[in-house]
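# Secondary and tertiary structure notes
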Amino acid sequence: MTPDARKQLLLHVCCAPCAPHVIELLQQEFALTAFFYNPNIHPQEEYARRLAEVERYCRERAIALVTGEYDTDRWFSAVQGMEELPEGGLRCERCYRFRLEKTAQTAQARDMGHCATTLTVSPYKKATVINRIGRAAGEQYDRIFHEADFKKHDGFKKSCELSRHYNFYRQTYCGCIYSIFRDRTGG
């Protein structure tokens, strides 16, 4: 890792509404690049809509953005056999691992010393689980995963306020096809 890499952070961004508060906090300490890698988001129109909002925000704020491949086949393979599991369980953990490993791998390829995710700003996500997975992904790629629970200290509230300020599209489900199905069936 080069000396310059020590203050570079690649931030996995799940969606625009979760990004501004986390970015504001992390930019106090790091030179930050946003990373949109979410092959879990379905259908493709939803993915495109969320990506467009992240692109708009990054453009307006002059934040570097890297967009990962929309490799849905690999994502479906990663969660195969877990389709019926409840939200917040092992399928979600596998999905976090899938995206955070790619984040750490991309940080390594770009010689960025740190990586993190916006996922923990959500009140529906367990920061302890995400941080454990992120730490392991960071270690796998010799990167430092910035552990945080961004929903703390009114983080989620601030995220919602900033989301309204930027007039972001706010989705009603995590993004995966299995959560869409459950939302429509009441499961």
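This report concerns the structure included in the present document. All of these numbers come straight from a predicted model, not from anything done at the bench.

The subject of this paragraph is the overall build of the chain. A count of helices and strands for the chain gives seven helices and five strands. Each helix and strand of the chain, ordered N terminal to C terminal, gives the series β-α-β-α-β-α-α-β-α-β-α-α. What you see for the chain is a C-alpha radius of gyration of 16 Å, in line with the 16 Å of a compact globule of 187 residues. Projecting the C-alpha coordinates of the chain onto the three principal axes gives extents of approximately 50 × 35 × 30 Å. Taken across its 187 residues, the chain has 53% of its residues classed as buried. Here the chain has roughly 9,300 Å² of accessible surface; of this, 49% comes from carbon and sulfur atoms. Looking at the chain, you have 27 positive and 24 negative side-chain charges, and the mean spots of the two groups are 3 Å apart.

What follows is about the packing of aromatic side chains. Using the criterion set out here, one finds 10 aromatic pairs in the structure. Ring geometry for Y37 and F98: centres 5.9 Å apart, planes at 20°, overall stacked. In this pair, Y37 is assigned in the loop between β2 (31-36) and α2 (44-61) and F98 in helix α4 (residues 90-109), connecting sequence segments 61 residues apart. Here the two residues Y37 and F98 agree in accessibility, since each one is buried.

We now examine α2. Given 3.6 residues per turn, any residue in an α-helix points the same way as the ones three and four places further on. Helix length check: α2, at 18 residues, gives a terminal C-alpha distance of 26 Å against a target of 26 Å (1.5 Å per residue), a fit within 8%. For α2, the set of buried residues is E46, Y47, R50, L51, E53, V54, Y57 and C58. Viewed along the axis of α2, the buried residues span an arc of 155°, placing them on a single side of the element. Of the exposed residues in α2, those oriented more than 90 degrees away from the buried face are Q44, E45 and R59. On its buried face, α2 sits against α1 (19-26), β2 and β3 (64-67).

Next up on the list: the pattern of salt bridges. In this structure the tally under the stated criterion is eight salt bridges. One salt bridge connects R56 with E60, and the closest N-O pair in it is separated by 3.4 Å. Taken together, the residues span about one helical turn, with R56 and E60 both in helix α2 at a distance of four residues. Residue R135 is joined to E147 by a salt bridge in which the shortest nitrogen-to-oxygen separation is 2.8 Å. Of the two residues, R135 is situated in helix α5 (residues 127-140) and E147 in the loop between β5 (144-145) and α6 (155-165); the sequence distance between them amounts to 12 residues. A single salt-bridge network, built from bridges that share partners, covers E53, R56 and E60.

On to the side chain of T106, then. Tracing the sequence through the fold places T106 in helix α4. We classify T106 as buried; its relative accessible area is 12%. At a separation of 2.7 Å, a polar atom in the side chain of T106 contacts the main-chain carbonyl oxygen of K102. In this view, T106 contacts L10 and F35; residues no more than four positions away in its chain are not counted.

If you check α5, its first and last C-alpha atoms are 20 Å apart, about what 14 residues at 1.5 Å a residue would give, namely 20 Å. For α5, the full list of buried residues reads A127, V129, I130, N131, I133, G134, A137 and G138. Elements that come into contact with the buried residues of α5 comprise α4, β4 (114-117) and β5. A positive phi of about 55° marks D142, the residue just after α5.

Now for the side chain of N38. With respect to the helices, strands and loops of the structure, N38 is situated in the loop between β2 and α2. Accessibility expressed as a relative area gives 1% for N38, which makes it buried. Within the local environment of N38, its side chain forms a polar contact with the side chain of H12, the two groups lying 3.0 Å apart. Among the polar contacts listed, one links the side chain of N38 to the backbone oxygen of V13, at a separation of 3.0 Å.

Reading guide: rules and limits
Residues numbered from 1 in each chain as written. Predicted model: local features only at pLDDT ≥ 70, side-chain atom pairs only at ≥ 80, totals over all residues. Heavy atoms only, no water. Helix = DSSP H or I, 4+ residues; strand = E, 2+ residues; numbered from the N terminus. Rg over C-alpha atoms; globule rule 2.2 N^0.38 Å. Buried < 20%, exposed > 50% of the residue type's maximum accessible area, 1.4 Å probe, protein only. Areas by Shrake-Rupley, 256 points an atom, 1.4 Å probe, with all protein chains shown as cover. Lys, Arg positive; Asp, Glu negative; His and termini not counted. Charge placed at Lys NZ, Arg CZ, Asp CG, Glu CD. Phe/Tyr/Trp six-rings, centres within 6.5 Å; stacked < 30°, edge-to-face > 60°. Expected span 1.5 Å × (residues − 1). Arc of directions from axis to C-beta. Contact = heavy atoms within 4.5 Å. Salt bridge = Lys/Arg side-chain N within 4 Å of Asp/Glu carboxyl O. Polar contact = N/O pair within 3.5 Å; in protein donor to acceptor, adjacent residues only side chain to side chain.

Purely geometric numbers; function is a separate question.
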